[in-house]
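The lines below spell out each chain.
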Amino acid sequence: MPRPDQRLFEFLPRLLSKRGFCSRKEAEQMVSGGRVTVNGVVKRDVLWKANPRNDVIKVDGKAVGKAALLYLKMNKPLGVVTTMKDPEGRKTVAALIPAEYRGVMPVGRLDQDSTGLLFLTNDHQLGERVGGADHRVKKTYRVVVSGRPDNLQLNPFRAGVELDGKRCRPAKVRIIEPGDETSTLEVILDEGKFRQIRRSLAAINVKVRSLTRVAIGSLELGDLASGAVAPLTPTELAALRAASRESGADEGGAAKRGRA
């Protein structure tokens, strides 16, 4: 008899939270409290793995069905951190997600001082293709900087600045609004190192005044209000899926989230 593919198995708490039933912490408490059964047998071990395709999982005797797949976009405001919980007590994107969309997670990050487009979903396969380290879905930013940098000054950023001992991939950088006090740049990246845009510009003596992500692939922020969340339209979702397939990476790549 062939052995089951272990890649199909997931830890019980993770499986429950992925299905939108509860948070990961709540799921761990349910399991350790003896409230969860797998194929009729109580499982108290939070490291127990179940097969979501074949195993019957119940909480308090009620079957836990698969959560409907959700695809959302958010306009992250200034001062909000892109995590579901923050040990420092800062406001998180979780506080902005309406209750009916419980179970979604942000794909990738924007740092606390950045604003703009976040993609949120409970479809972990698509999330990995959009935000994983081995994928090259392009992200577009509007960056307001001090002064009037010229193309000669920006060329090292375009070529790829060295950060943390490793050179960044080339970036597309275009001056869209030159000015004496401030200028606005359009920056397009296909990777997401920690605070990559800010650190790359600092390396060439350009100071960032504000940074907003305006697109992920062809998914655009549009006129979505600050702090608002909206479901993706069928057209937006189809285009994002297409962009994730066209990124040219192996779907098995490990996730690596960066902050612009």
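Criteria and cut-off values
- Residues numbered from 1 in each chain as written.
- Predicted model: local features only at pLDDT ≥ 70, side-chain atom pairs only at ≥ 80, totals over all residues.
- Heavy atoms only, no water.
- Helix = DSSP H or I, 4+ residues; strand = E, 2+ residues; numbered from the N terminus.
- Buried < 20%, exposed > 50% of the residue type's maximum accessible area, 1.4 Å probe, protein only.
- Contact = heavy atoms within 4.5 Å.
- Polar contact = N/O pair within 3.5 Å; in protein donor to acceptor, adjacent residues only side chain to side chain.
- Axes fitted to C-alpha atoms, helices over the stretch in contact; angles between N-to-C directions.
- Parallel < 35°, antiparallel > 145°, perpendicular 65-115°, else oblique.
- Left-handed = near helix turned anticlockwise from the far one by under 90°.
- Nonpolar A, V, L, I, M, F, W, Y, C, P; charged D, E, K, R; others polar.
- pLDDT = per-residue confidence, 0-100.
- Pairing = 2+ DSSP bridges.
- Core = buried A, V, L, I, M, F, W, Y, C linked by side-chain atoms within 4.5 Å.

J.: Is there a simple way to think about the overall build of the protein in this case?
T.: In terms of helices and strands, the protein carries six helices and 17 strands. Buried residues in the protein amount to 46% of all 260 residues. Once local pairs closer than 6 in sequence are excluded, the contacts in the protein between residues at least 24 apart make up 68%.

J.: Would you explain the side chain of Ser200 in this entry?
T.: Note on placement: Ser200 falls in helix α5 (residues 196-203). Residue class for Ser200 comes out buried when judged on its relative accessible area of 1%. In this structure the side chain of Ser200 is engaged in a polar contact, spanning 2.8 Å, whose partner is the backbone oxygen of Gln196. Apart from the residues within four sequence positions on either side, Ser200 is in contact with Phe157, Val161, Leu163 and Cys168.

J.: Any chance you could explain the environment of Leu117 here in plain terms?
T.: Within the element layout of this structure, Leu117 appears in strand β9 (residues 115-121). Given the relative accessible area of 0%, Leu117 is considered buried. As for Leu117 and Arg213, which are separated by 96 residues in sequence, their C-alpha atoms are 5.3 Å apart.

J.: Quick question: what am I supposed to make of the packing of helix α3 (residues 124-131) against helix α6 (residues 234-246) here?
T.: What describes two packed helices is the angle between their axes and the distance between those same axes. Where α3 meets α6, the closest approach of the two axes is 9 Å, and the angle between their N-to-C directions is 60°. Overall, the two elements α3 and α6 adopt an arrangement that is oblique. At the point where α3 passes α6, the crossing takes the left-handed sense. Here α3 contributes Leu126, Arg129 and Val130 to the contact with α6, which in turn contributes Leu237, Leu240, Arg241 and Ser244. Its residues assigned to classes, the contact of α3 with α6 comprises four nonpolar, one polar and two charged.

J.: Teacher, can you tell me more about the confidence of the model for the protein here?
T.: A low pLDDT score tells you not to read the predicted coordinates there in detail. Per-residue confidence for the protein gives a mean pLDDT of 87; residues scoring 70 or more make up 89%. A low-confidence stretch, residues 249-257 (pLDDT under 50), is modelled with 24 contacts involving residues beyond four sequence positions or located in other chains.

J.: Explain the sheet that holds strand β2 (residues 36-38) to me, please; I cannot follow it from the model alone.
T.: The strands that make up a sheet are held in pairs by hydrogen bonds between backbone atoms, and each pair lies either parallel or antiparallel. Reading across from one edge, β3-β2-β5-β6 is the order of the four strands in this open sheet, with antiparallel pairing throughout. Only two strands of the sheet have a single partner each, and these edge strands are β3 (41-42) and β6 (62-63). Pairing geometry for β2 and strand β5 (residues 57-59), over three bridges, is antiparallel. Within β5, the position partnered with Val36 by the bridge is Val59.

J.: Just to check I follow, could you spell out the nonpolar core for this structure?
T.: It is characteristic of soluble globular proteins that their nonpolar side chains tend to be buried jointly. Counting 30 residues, the largest nonpolar core has Tyr141, Val143, Val187, Ile197 and Leu201 as its most contacted members. Not counting residues within four places of it along the chain, the set of residues in contact with Tyr141 comprises Leu110, Leu185, Glu186, Val187, Leu189, Ile197, Leu211, Thr212, Arg213, Val214 and Ala260. With 15 residues, the next largest nonpolar core counts Leu117, Val130, Leu219 and Ala230 among its residues.

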